Amino acid sequence: MDIEPVNITAKAVIEVKNIMDNKGIPKDYALRIGIKGGGCGAMGYVIGFDKANDADISYSQENIPIVIDKKHVMYLIGLEVDFIEESDARGFSFNKPGDN
């Protein structure tokens, strides 16, 4: 598919590849990016590793296979996944223009 709704920054690419290489992620798994929540609560973003299924779109960035549930795509377009490593925080961050 030609659509790439989510961009992964260079720092996040390095961390994802590190996890894939050192945490025993199966070769047939991809990076899954999605949403959780909604309704009365705030929507949040989730990231992890999973097998692709028929309800997904698939693409790759920097040789990282990425899957997103087709139902989530409209909420993820324009999302940027970054990785922060500071003295008081370490992890993936999700930035989307217009989210406050």
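As a reminder, the structure under discussion sits directly above these lines.
Attention here is on the structure that accompanies the text. Within each chain, residue numbers correspond to sequence positions counted from 1 in written order. Per-residue local features are limited, in this predicted model, to residues with pLDDT of at least 70; the limit for side-chain atom pairs, both in listing and counting, is 80 or more; totals at the level of whole chains, interfaces and linings are taken over all residues. Each side-chain value is derived from all of the structure's non-hydrogen atoms; neither hydrogens nor water enter the calculation.

Looking at the side chain of Asp 82
Note the following rule: In this description a helix means any DSSP run of H or I spanning at least four residues, a strand means any run of E spanning at least two, and both kinds are numbered starting from the N terminus. Type-normalised accessible area, obtained with a 1.4 Å probe on protein chains alone, sets the label of each residue: buried when under 20%, exposed when over 50%, and partly exposed for intermediate values. Residues scored as charged are limited to Lys and Arg (positive) and Asp and Glu (negative), so that His and the chain ends carry no count. Each reported salt bridge corresponds to a side-chain nitrogen of Lys or Arg within 4 Å of a carboxyl oxygen of Asp or Glu. In the analysis that follows, any N or O atom pair within 3.5 Å is treated as a polar contact, provided that within protein one partner can donate a hydrogen and the other can accept it, and provided that, for residues neighboring in sequence, both atoms belong to side chains.
Within the secondary structure, Asp 82 sits in strand β6 (residues 79–85). Although buried, Asp 82 forms no salt bridge, and the nearest oppositely charged side chain, Lys 11, lies 5.0 Å from it. A polar contact of 2.6 Å, which involves the side chain of Asp 82, links it to the side chain of Thr 9.

Regarding the pairing of strand β7 (residues 90–95)
To be explicit about the condition: Pairs of strands are assigned from DSSP output, requiring at least two bridges between the strands.
Both β6 and β7 contribute to a ladder of six bridges, which runs antiparallel. When the sheet's bridge partners are listed, Asp 82 is paired in β7 with Ser 93. Counting the residues between successive antiparallel strands, the hairpin from β6 to β7 contains four residues.

Regarding the nonpolar core
Definition in use: Remark: nonpolar core denotes a set of buried residues (Ala, Val, Leu, Ile, Met, Phe, Trp, Tyr, Cys) joined through side-chain atoms within 4.5 Å.
Formed by 19 residues in total, the largest nonpolar core has its most connected members in Val 6, Ile 33, Ile 66, Ile 68 and Leu 76. Elements with a minimum of two residues in this core: β1 (6–8), α1 (10–22), β2 (30–37), β4 (56–61), β5 (64–69), α2 (73–76) and β6.

A closer look at the pattern of salt bridges
Taken as a whole and assessed by the stated rule, the structure comprises five salt bridges. Between Glu 15 and Arg 90 there is a salt bridge whose closest N-O contact spans 3.6 Å. One end of the pair, Glu 15, is in helix α1; the other, Arg 90, is in strand β7, with 75 residues separating them in the sequence. A salt bridge links Arg 90 to Glu 85, with the shortest nitrogen-to-oxygen separation between them at 3.0 Å. Residue classification places Glu 85 among the exposed residues on the basis of a relative accessible area of 57%. The network of salt bridges with shared partners includes Glu 15, Glu 85 and Arg 90.

Describing unusual backbone geometry
Located in the positive-phi region is Glu 62, a residue other than glycine, with phi close to 55°. Among the structural elements, Glu 62 can be located in the loop between β4 and β5. Positive phi, close to 65°, is recorded for Asn 63, a residue that is not glycine. In this fold, Asn 63 is placed in the loop between β4 and β5.

Treat this as a map of the structure, not an account of what it does.
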